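# Fold and contact review
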Amino acid sequence: TMSTRLNRFYRSQLQDEELNALVETELENLRIGAKIAKLREKARLTQAKLAAKSGMASSKISAIENSPQNVTVGTLIKIAQAANKKLDIRFLNTA
């Protein structure tokens, strides 16, 4: 089936270390965006309200949630504070 062929192709492509690193970086970026969206939702804030409280445009909040690229620590701190949270950055061991 198409799904099986796609899975085989995907696995073969991940054998390429450079491509694998790019995929892992992009997945980590998406995880950050999803965590920010979840934080916002738990704080019962719309993107517009989070943006206003953090001093950013709502379009920037949307971009960060949907495809974060080069988000600064300062931006993350502003978002955390706007949601009445504290930013905690940790480095974890890889599997």
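For the structure given in this document, a descriptive report is provided here. (Residues numbered from 1 in each chain as written. Predicted model: local features only at pLDDT ≥ 70, side-chain atom pairs only at ≥ 80, totals over all residues. Heavy atoms only, no water.)

In this fold, S54 is placed in helix α3 (residues 47-54). At 2.8 Å, the side chain of S54 forms a polar contact with the backbone oxygen of L50. Other than its neighbours up to four places away in sequence, S54 contacts I61, K78, I79 and A82. (Helix = DSSP H or I, 4+ residues; strand = E, 2+ residues; numbered from the N terminus. Polar contact = N/O pair within 3.5 Å; in protein donor to acceptor, adjacent residues only side chain to side chain. Contact = heavy atoms within 4.5 Å.)

Attention now goes to the layout of surface pockets. The calculated volume of the largest pocket comes to roughly 970 Å³. Lining the largest pocket we find 22 residues, and of these E28, I32, K35, D88 and I89 sit closest to its centre. Partitioned by chemical class, the residues of the lining of the largest pocket number twelve nonpolar, four polar and six charged. (1 Å grid on protein atoms, 1.4 Å probe; cavity = no way out; pocket = protein on both sides within 12 Å on 5 of 7 lines; lining within 4 Å. Points joined across faces, edges and corners; volume = space filled by probe spheres on them. Nonpolar A, V, L, I, M, F, W, Y, C, P; charged D, E, K, R; others polar.)

On to the nonpolar core. Membership of the largest hydrophobic core is limited to ten residues, which are I36, L45, L50, A51, M56, I61, I64, L76, I79 and A82. For this core, the secondary structure elements donating two or more residues are α3, α4 (58-66) and α5 (73-82). Examining the composition of this core, we find that three residues originate from one element, α5, more than from any other. Every residue in contact with I79, bar those within four places of it in the chain, is listed here: I36, L39, L50, S54, M56, I61 and I64. (Core = buried A, V, L, I, M, F, W, Y, C linked by side-chain atoms within 4.5 Å. Buried < 20%, exposed > 50% of the residue type's maximum accessible area, 1.4 Å probe, protein only.)

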